[in-house]
Amino acid sequence: MMPSKKNRIILIDDSPSEPILLGSAIEKSGRPILLESFDDSVYAVKELVRRAKKDKEMMPSLILLDLNMPGYSGIEVLKKLRKEGSFCFIPIIVMTSSSLDSDMVEVIREGAKCVIVKPIGHKKYVEVVQKTFDFWFETAKCLGNEC
């Protein structure tokens, strides 16, 4: 990813505090990042699939996905997005409070690039998000303009 490009991050998480926390971490990062948040996983999938077909300019650079949500679970979202060819090079990272190995194995099997256990406390959360951005926006080798 080119550091000067404005990266679009999609957050799919039903928690009302998650967009606030992530927005704060983005602000502290000083990176050119546009955050778009969906609290309805069913709507998020429909909208992302629509964009893949009709509005490629609005496609994300990175998707952050909660595991346990009403509507579609994180696993179901992964399955539906990975079924669409347009999402094969977009990293989907699961951020969850679950530390169960079985959950982690399943999300990786379904196409998540990694799993991050949500840290407790704002300072630690910001630190984890910064490291995630450092890796995906600066270190990772990108294919087809998408990581």
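Preceding this section is the structure that the text describes.
Residues numbered from 1 in each chain as written. Predicted model: local features only at pLDDT ≥ 70, side-chain atom pairs only at ≥ 80, totals over all residues. Heavy atoms only, no water.

Caption draft 1: Spotlight on the overall build of the chain. Counting its regular elements, the chain contains five helices and five strands. The helix and strand sequence of the chain, counted from the amino end, reads β-α-β-α-β-α-β-α-β-α. For the chain, whose C-alpha radius of gyration is 14 Å, the value lies close to the compact-globule estimate of 15 Å for 147 residues. If one aligns the C-alpha atoms of the chain with their principal axes, the spans along those axes are about 35 × 35 × 25 Å. Counting every position in the chain, which comprises 147 residues, the buried fraction comes to 47%. Pairs at least 24 residues apart make up 70% of the contacts formed inside the chain by residues separated by at least 6 positions. (Helix = DSSP H or I, 4+ residues; strand = E, 2+ residues; numbered from the N terminus. Rg over C-alpha atoms; globule rule 2.2 N^0.38 Å. Buried < 20%, exposed > 50% of the residue type's maximum accessible area, 1.4 Å probe, protein only. Contact = heavy atoms within 4.5 Å.)

Caption draft 2: Looking closely at helix α1 (residues 18–29). Given a rise of 1.5 Å per residue, 12 residues ought to cover 16 Å, and the 16 Å separating the end C-alpha atoms of α1 matches this to within 8%. Among all positions in α1, only Glu 18, Leu 22, Ala 25, Ile 26 and Ser 29 are buried. Projected onto a plane normal to the axis of α1, the buried residues spread over an arc of 100° and lie on a single side. What points out from α1, more than 90 degrees from its buried face, is the exposed set Ile 20, Glu 27 and Lys 28. Buried residues belonging to α1 abut β1 (7–12), β2 (33–38), β3 (62–65), β4 (92–96) and α5 (122–139). At the exit of α1 stands Gly 30, carrying a positive phi of roughly 70°. (Expected span 1.5 Å × (residues − 1). Arc of directions from axis to C-beta.)

Caption draft 3: Expanded view of the pattern of salt bridges. Under the definition given, this model contains 12 salt bridges. Among the ionic pairs, Asp 134 bridges to Arg 31, the shortest N-O distance being 2.1 Å. With a gap of 103 residues between them, Asp 134 in helix α5 and Arg 31 in the loop between α1 and β2 connect regions that are remote in the sequence. Residue Asp 134 is classed as partly exposed on the basis of its relative accessible area of 33%. Through salt bridges with shared partners, a single network forms among Arg 8, Glu 36, Glu 47, Arg 50, Arg 51 and Asp 55. (Salt bridge = Lys/Arg side-chain N within 4 Å of Asp/Glu carboxyl O.)

Caption draft 4: Up close: the sheet that holds strand β5 (residues 114–117). Read from one edge of the open sheet, five strands run β2-β1-β3-β4-β5, paired in parallel fashion. Looking at strand neighbours, the two that pair on one side only are β2 and β5, the edges of this open sheet. Each neighbouring strand pair of the sheet contributes to a mean axis angle of 20°, computed without reference to strand direction. The sheet contacts of helix α4 (residues 101–109) involve β4 and β5, and relative to β5 the element is tilted by about 145°. (Pairing = 2+ DSSP bridges. Axes fitted to C-alpha atoms, helices over the stretch in contact; angles between N-to-C directions.)

Caption draft 5: Structural detail: the side chain of Ser 41. Secondary-structure assignment places Ser 41 in helix α2 (residues 41–54). Of the polar contacts made by the side chain of Ser 41, one reaches the backbone oxygen of Pro 70; its length is 3.1 Å. (Polar contact = N/O pair within 3.5 Å; in protein donor to acceptor, adjacent residues only side chain to side chain.)

Function-wise, these values are silent; they only describe arrangement.
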